[in-house]
Structure formats: structure tokens, C-alpha cells
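Architecture at a glance
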Amino acid sequence: VRRTLVLFAIMALCGLAANRSLAALQTRNTAGSLVDTTSPQIRLPGTIFVSQDGAIYAIAGTGVRRLPLPSGGEWIQPRALSDGTLLVIRRFNQYSDLYHVTTSGRVLARMSAGDQSIRNKTLQLDHWVLWPVVSPDGSSVYFATDSPKPAPGQSYEVDFSLWAAPLSVPLTIGGTGVGGGIRWSFPDRYTGGDIEPVPLPDGNLLYASYANTGKGTVVSVLGLQTGPGSAMVALTTPAQDCGAPAVAADGVTIAMVCTNRGQTASIEVATLVGTALSGAHVVVANCLCNSPSWSPSGDSLLYMNASDPDGNFGLWYIAKAGSAHPGAAKRVTDAGVNLDATSSAAWMTR
Amino acid sequence: MGRRPGRRRRASLKTGRQRVTKGSLIAAGFIVSILAGVFSYFLPAIQVALRDTGQVNTSLGGNPQLRPVSANENLSSSAPFNLLLLGSDSDAKFKGDYLTQSMILTRIDPATKRVTMLSIPRDLWVRLCNGSSGKIDQAFLHGGAQCAIQTVENDLKVHVDYYAWIGLQGLVSVLNDVGGVNVIANNPVMDDYYPADLSGGNPFDYQRILVLPGAQHMNGTLALEYVRARHDDAYGDFARSQRQQQILIALRAKTRHLSLVDIPNLATSLGADFQTNMSIVRVSGLLPIAGSVPLAAITQVVLLPPYTSSVHVNSQDALRPNWSLIRPEVAKFFGATT
């Protein structure tokens, strides 16, 4: 009897093993965390800040550390300031805010209050503030916000426009605009609007502008304005569908992402001459890539690219990207690490 | 003199036969046990397959809209076929009376690995299966998948071989199960009046959503926001249709990594939020094909003007179809009905 029971038990185990073996063959879809798999593939000088799963990470040498920023919301879009601190966006479900933080993760200031609905319970009064960037002289912060917009219940319209405001004063974003700020752009309605501002050394503003073609599509062009509210000069064509501009330290070498209105993208580098681009050439072709940013010296390019077999977005690097003979693209982060592809990396010299 | 077989030899033969029998029984026991293990693994998929093909009519909570429709089983596995994809806001505010917010007629040619997707605008003003006129999204409300199929067949003059219906939570689940999708979001997708109907609170509440532009990884919830938002969009439902096709194309890339063993997990998480009349064999056969279809072999069609024009009818904003333009296109891509 005992032998028979043992036999039945072994049979049952075989059935269970068959079941679990099939389960083990299932496709796994797990992305690794940057900290857990620390070991950048290549060693780059200075410190690079990236966003992953709502946290900011610093990559320095062969180490990676997570900035201990307050919990709640998602910390995205880090921007390096010349004094060695960071501007960061803290995004919640209904709004986002601009923060000034140290590289050790200490909050120096909350610079906006997008959560207007906390007081009046009307969530349409909340605001987004995104894509912050400091002017070359360090005095102003440029950003995109969904202000102004129609009063709640009046319209569905909500589009980004570009503003500049003193860096030293907290932003007051309301339904009719930004208190003390200067409005730069007037978006094409119901397109998403104007985003990703880049103030240039000559005082002009470069950005990505979404426009209604009138033929069933909304496309992005790189736009240039010479002053607040001035007419936009399109630097690229609607067919190129370019956005995500990044300007190198020389103020004229521009990296951008173009999709040609397809389901893949390319990263192109061009030179800004006056109010036109020249010498555009592709440095990364046929990719799922986004968010280029330049090294402090302006010769190397970082970008997000989903090239590993699992489709995770990693940080990639190209040396001498602005030259006629750019280096080969190299992955900085481990395969399997999935970064926030809509947040460009911020690179500090120290 | 020959010897008669002795008692010992007979006993030996008997013992041998017993051993063979015993061994066979043990082997059979192991085989049955392993098969039981395999069967229990595929049980969720088998249950879904039986339910979907109408062999077991569970009717998914008694909702007559979701009764299975029998499929054409005469199609060979390599023959091109038309699949009507239906998507509904299946949240609590509809109490089971579902419209189809999304209708995508898809032609799949397994032999040439070509796919064509035609988004049928939900506001298209058509003759419904019951003879009345109304928006095409109401066909599902009037008579479930059967009525939706009949309406599409009658109005677009096309034959529908299969259908697949999915609810909101089902879409989120399947996208999460495959690990999310990578998409290039065309523009910032913003909506201050996006329905907050999946959070479990008041299904009539709103929430604000923002999907950033550019290449990115989307989980199920973010992808749902991307395909469902429409208020702050110059092209409203048309733009949403294009984004829905985009997610389907991204999902196709993910199916490269899927196999038969992934189906039970998908079936379990889809639960009552999915219905199709395709057999599990057909579905599993499609997975490798879907993954191998190149981007260039996918044709996307959206019925923008002049295929449709805005009209106000019966106090509703609707789209008037220009059948003289639409039907030749449908015949070209999907084959005409005989």
C-alpha cells in the first residue's frame, strides 16, 4: 500500500512538474531597475541624471545612485544648472510642478503650484508645467504650460504654450497665464501646442511646435522665434515631423528627432545659420529613439533608444556627434533597464 | 518424451503478464498525470475557447450583447480573412449596454503577411441591422456582435469572417500582460475631461490626462489613455482611430515573443472583457504571423473627408458616409461580397 501511495505521489508530482514547466516557458516581461543592475557599460566623465519609474538617478563613473527625493508623484525631466543644482519636474496624475533640488536629493524650492483644484475642487483649474530650461545667462526659466486655457466647462481646449519667468521668483500659473511671466508662443489650437523650449545665446527661442495640417494630421516642426509673440519661423517641414530639439554648447549645433510621419524615428544633427538649418545629417537611423541631449562640452550626444530585444529604453551615447564623422553609438545603461524615454538626460561636468 | 509445461512455468508466465500489465498501468498513470498537468495549464484557454465558439454558452454574466457568434470554420489557415475588431467602454456607467467606441475592420493575409486596417468612425450614420438608422456604434447595443457584423456587412458591402470584442479593462490587461508596448506618440495628447471610469469611484467623474509626445514605453493604462482621449484633438475621433491602429501595430511587434504557452495567462486576465468567434487554434496560429508582418506591409485607412462629412441628424452630431467613395475602397482592400 505504501509503495502504491508513493507511486501516486510521484505521478502527481509529474503532472505538477508538467504544469509548472509550461508556466516557466511563458514570456517574461520584466524591466530591470537601474540601481539593482548598476554597472554602466561605458564610463563617461561628470554626472548624468536620468529618470526611471518616477525617480531621478545619477550615473557617475561606474556607479549609479537614486536621488532621495520626497515620495509621491513622478520626478522627471532633470535639468542641470551651472551652480551644480537641478531643476526637476514633479508630476502627479492631474498636475505637475517645477522644483529646484540639489544633486544629493534635497529640495531647495517648490517653484510652482499646479494643484489649483485642491482649493476649489475643479480639476480643470490644475496645470501642467513641463520641459523647464534655464536661459544662457541663468536669470530666467523657460517652460511649457497649459495656461492660459478656457474656464472650466467652456471648452475642451488645453494646449501648451511657452513662457519665460525670472528664476528667482516662484511661478504663479493661473487660468489666464503666468503671473510675472512673459508669454512667448501662441499654439495652434487642439494640437498639443508648443513644447520643449530652448533659449539660444542670441536671445531667440527654439522649440517644437505642433500644427494642424488641415488634412487629417497634426505634425511637429522645429520653430524659431526672435522675440515673445513674434511670428514663428519653421526650421523643418511638416513632412519631416521633427521635434525634441537639443542645442549644443556652441549655440548653433542642433540635434532633433524626426519621424517623417512614420512609426520609426531618426536623430538628425544640423547647424543653425541665422533663421535656417543647414547641413542636416542623420546620426541614428530607423530607431525608436527620443530625448537627445548634449554633453557640457557640446561634442557628445546622449539619447534614449529602445534597441534591446525586450524593447526597453536605454541611455545611448555618440561621441563627436556634431562632426562629419560621428562615433559609433554605444549603450550606457545595461540591457534590460527601462528608462523614461520622454525625459532627456542632464549631464553635469562635476 | 516431451515435458508438459509445469506449474512453475505457468506461474512465471502469469507473473510476467502481471508485470507487463502493472508496468503499463504505471506508465499510463504517469501519462495521464502529465496530461492532466498540461490540461490544467491550458484550462483557462480551453474554457475561453469553448465559451467563445458557443459550445458552452456562458453569455458572460448574462449579457445578451456578448453571446458568441458562430464563425466560418471552412476557411483554410492560409486563406486571407476579414476580422472585425470591436472595442467598448465596458465600465460601470453603461450597466452592460455597450456601444462600440472602436470598430476596426482588419484583413489579414497569412500567406503574403499583409494586413489592412480600416477604422470605421463610431459616429457614421448608417442603416442598422434592425432596419432603423443610427450611429454605427449602436449596432452592438441593439444586437451584440451579430448585429455589428451584419451592419458592417450590409453597409460596407463586405464579408466579415471573424470578430473580436474587447472591453476597457481587457485592453489594459492584455497590454500589461505582454509587458506594455513601445509607441511614438504623434503629439501631446491632453484631455481635461477624460472619463475616470476605471478607478472604481463614480464612473461619471473626470480626470486630467497627458501623454507626452515621442517614442516611449506605454503600459496598459497609459496606452488606454492614448487611444481613448479625444477632447483636445483637432481631429477628435479620427485622430483617436489613428492612435488605436498605432497601438495595434505596436502590439503586433510584441506578439513575436508570444507562443501557445502564453495564451492561458492572456485568457485568464482578459476574463469577461474579451469575446471572439476565432478558435484557439486560429488565434495561436495568428501569433507568429502577426509578429512577422513588417511595418511596410500594413495599410492603415481612416475615413476622413471626403469619405465622410459632418451632419446634424436627429439632434445628434454624426458623420454621413459617402458610399460611392467608401465601398470601392473597401472592395479593393477587403474583397467585395458576392
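In case you missed it, the structure is sitting above this.
These lines cover the structure that appears in this document, whether it is placed above or below.

Parameters and conventions
Residues numbered from 1 in each chain as written. Chains lettered and ligands numbered in written order. Predicted model: local features only at pLDDT ≥ 70, side-chain atom pairs only at ≥ 80, totals over all residues. Heavy atoms only, no water. Pairing = 2+ DSSP bridges. Helix = DSSP H or I, 4+ residues; strand = E, 2+ residues; numbered from the N terminus. Contact = heavy atoms within 4.5 Å. Buried area = accessible area lost by both parts, 1.4 Å probe. Salt bridge = Lys/Arg side-chain N within 4 Å of Asp/Glu carboxyl O. Buried < 20%, exposed > 50% of the residue type's maximum accessible area, 1.4 Å probe, protein only. Axes fitted to C-alpha atoms, helices over the stretch in contact; angles between N-to-C directions. Parallel < 35°, antiparallel > 145°, perpendicular 65-115°, else oblique. Left-handed = near helix turned anticlockwise from the far one by under 90°. Nonpolar A, V, L, I, M, F, W, Y, C, P; charged D, E, K, R; others polar. Core = buried A, V, L, I, M, F, W, Y, C linked by side-chain atoms within 4.5 Å. Phe/Tyr/Trp six-rings, centres within 6.5 Å; stacked < 30°, edge-to-face > 60°. Lys NZ or Arg CZ within 6 Å of the ring centre and 35° of its normal.

1. Some remarks on the sheet that holds strand S10 (residues 161-166) of chain A
Residues and elements named next belong to chain A.
- With respect to topology, four strands assemble into an open sheet ordered S8-S9-S10-S13, the strand pairing being antiparallel. The sheet terminates laterally at strand S8 (129-134) and strand S13 (182-183), the two strands that pair on one side only.
- Taken together, the four bridges between S8 and strand S9 (residues 140-145) define a ladder with antiparallel strand orientation. Directly across from Val-129, in S9, lies its bridge partner Thr-145.

2. Considerations on the interface of chain A and chain B
- Listed per partner, the contact involves 65 residues of chain A and 49 residues of chain B.
- Where chain A abuts chain B, roughly 4700 Å² becomes buried across the two surfaces, and 59% of that area is made up of carbon and sulfur atoms.
- Taken together, the connections running from chain A to chain B amount to two salt bridges.
- Residues Asp-192 of chain B and Lys-149 of chain A are paired through a salt bridge, measuring 2.8 Å at the closest nitrogen-oxygen approach.

3. Brief notes about helix H4 (residues 168-177) of chain B
Residues and elements named next belong to chain B.
- Of all ten residues making up H4, seven are buried, and the element is well covered by its neighbours.
- Where H4 is concerned, the buried positions are Leu-168, Gly-170, Leu-171, Val-172, Ser-173, Val-174 and Leu-175.
- Looking at the buried residues of H4, the elements they touch are strand S1 (81-88), strand S6 (162-167), strand S7 (181-185), helix H5 (220-228), helix H6 (236-254) and helix H7 (263-270).
- Looking at the residues trailing H4, positive phi occurs at Gly-179, about 85 degrees.

4. A few points about the packing of H4 of chain B against H7 of chain B
Residues and elements named next belong to chain B.
- At a minimum axis separation of 9 Å, H4 and H7 run at an interaxial angle of 150 degrees. Classified by the angle their axes make, H4 and H7 are roughly antiparallel. The interaxial crossing formed by H4 with H7 has right-handed handedness. Residues Gly-170, Ser-173, Val-174 and Asp-177 of H4 lie in contact with H7, whose contacting residues are Asn-265, Leu-266, Ser-269 and Leu-270.
- Partitioned by chemical class, the residues of the contact of H4 with H7 number three nonpolar, four polar and one charged.

5. Some points on the nonpolar core
- Ranked by internal contacts, the top residues of the largest apolar core, which has 70 residues, are Leu-130, Phe-143 and Phe-160 of chain A together with Leu-84, Leu-86, Leu-118 and Ile-120 of chain B.
- When residues of this core are assigned to their parent elements, the largest contribution, eight residues, is made by helix H3 (residues 139-156) of chain B.
- Once residues lying within four places of it in the same chain are set aside, the contact partners of Leu-84 of chain B are Met-103, Ile-104, Leu-105, Ile-120, Ala-148, Ile-149, Val-152, Val-160, Tyr-162, Tyr-163 and Ala-164 of chain B.
- By size, the runner-up hydrophobic cluster in this structure holds 45 residues, among which are Ala-185, Ile-209, Leu-258 and Ala-297 of chain B.

6. A look at the pairing of strand S15 (residues 205-212) of chain A
Residues and elements named next belong to chain A.
- Along S15, six of the eight residues are buried, which leaves the element largely enclosed by surrounding structure.
- Relative to S15, strand S14 (residues 194-199) runs antiparallel, the two being bridged by four bridges. Residue pairing across strands places Ile-195 opposite Ala-208, the latter belonging to S15.
- The loop that links S14 with its antiparallel partner S15 comprises five residues; one of these, Gly-203, has a positive phi angle of about 95 degrees.
- As judged from the eight bridges shared by S15 and strand S16 (residues 218-225), these two strands associate in the antiparallel manner. Within S16, the position partnered with Asn-212 by the bridge is Val-218.
- Connecting S15 to the antiparallel partner S16 that follows it, the hairpin turn spans five residues, and Gly-214 within it adopts a positive phi of roughly 80 degrees.

7. Details of the sheet that holds strand S11 (residues 274-276) of chain B
Residues and elements named next belong to chain B.
- A sheet is described by the order of its strands in space; here six strands give the open sequence S11-S6-S1-S2-S3-S12, paired in mixed fashion. Since the sheet does not close on itself, it has two edges, and those belong to S11 and strand S12 (298-302), each with one partner. The sheet shows a mean angle of 15 degrees between the axes of neighbouring strands, taken without regard to direction.
- Bridge count between S1 and S6: six bridges; the pairing is parallel. Paired with Leu-85 across the two strands is Ala-164, which belongs to S6.
- The strands touched by H4 within the sheet are S1 and S6, with S6 carrying the most contacts at an inclination of about 95 degrees.

8. Thoughts on the pattern of salt bridges
- Within the structure shown, the criterion is met by 14 salt bridges over all chains.
- We note a salt bridge from Arg-243 of chain B to Asp-233 of chain B, for which the minimum N-O separation is 2.8 Å. Taken as a pair, Arg-243 of chain B in helix H6 and Asp-233 of chain B in the loop between H5 and H6 lie far apart in primary sequence, ten residues in all. You'll find Arg-243 of chain B and Asp-233 of chain B in the same group, each marked buried.
- With its nearest N and O atoms 3.4 Å apart, the salt bridge here joins Lys-332 of chain B to Glu-329 of chain B. Remark: Glu-329 of chain B and Lys-332 of chain B occur in helix H9 (residues 323-334); sequence separation between them is three residues, near one turn of the helix.
- Note on Glu-329 of chain B: relative accessible area 24%, which makes it partly exposed.
- One connected set of salt bridges, linked through shared partners, spans Asp-146 and Lys-149 of chain A together with Asp-192 and Arg-208 of chain B.

9. Section: the packing of aromatic side chains
- For the coordinates displayed, the defined rule picks out eleven aromatic pairs over all chains.
- Ring centres 5.0 Å apart and planes at 70 degrees place the aromatic pair Trp-75 of chain A and Tyr-99 of chain A in the edge-to-face group. Residue Trp-75 of chain A is located in strand S4 (residues 74-80), and its partner Tyr-99 of chain A is located in strand S6 (residues 96-101); the two are separated by 24 residues in the primary sequence.
- For Trp-75 of chain A, a relative accessible area of 3% corresponds to the buried category.
- Aromatic side chains Tyr-142 of chain A and Trp-184 of chain A sit 5.9 Å apart centroid to centroid with 55 degrees between the ring planes, which places their arrangement in the tilted category. Remark: Trp-184 of chain A occurs in the loop between S13 and S14 and Tyr-142 of chain A occurs in strand S9; sequence separation between them is 42 residues.
- The ring of Tyr-194 of chain B has Arg-228 of chain B sitting right over it, with the charged end atom 5.5 Å from the ring centre.

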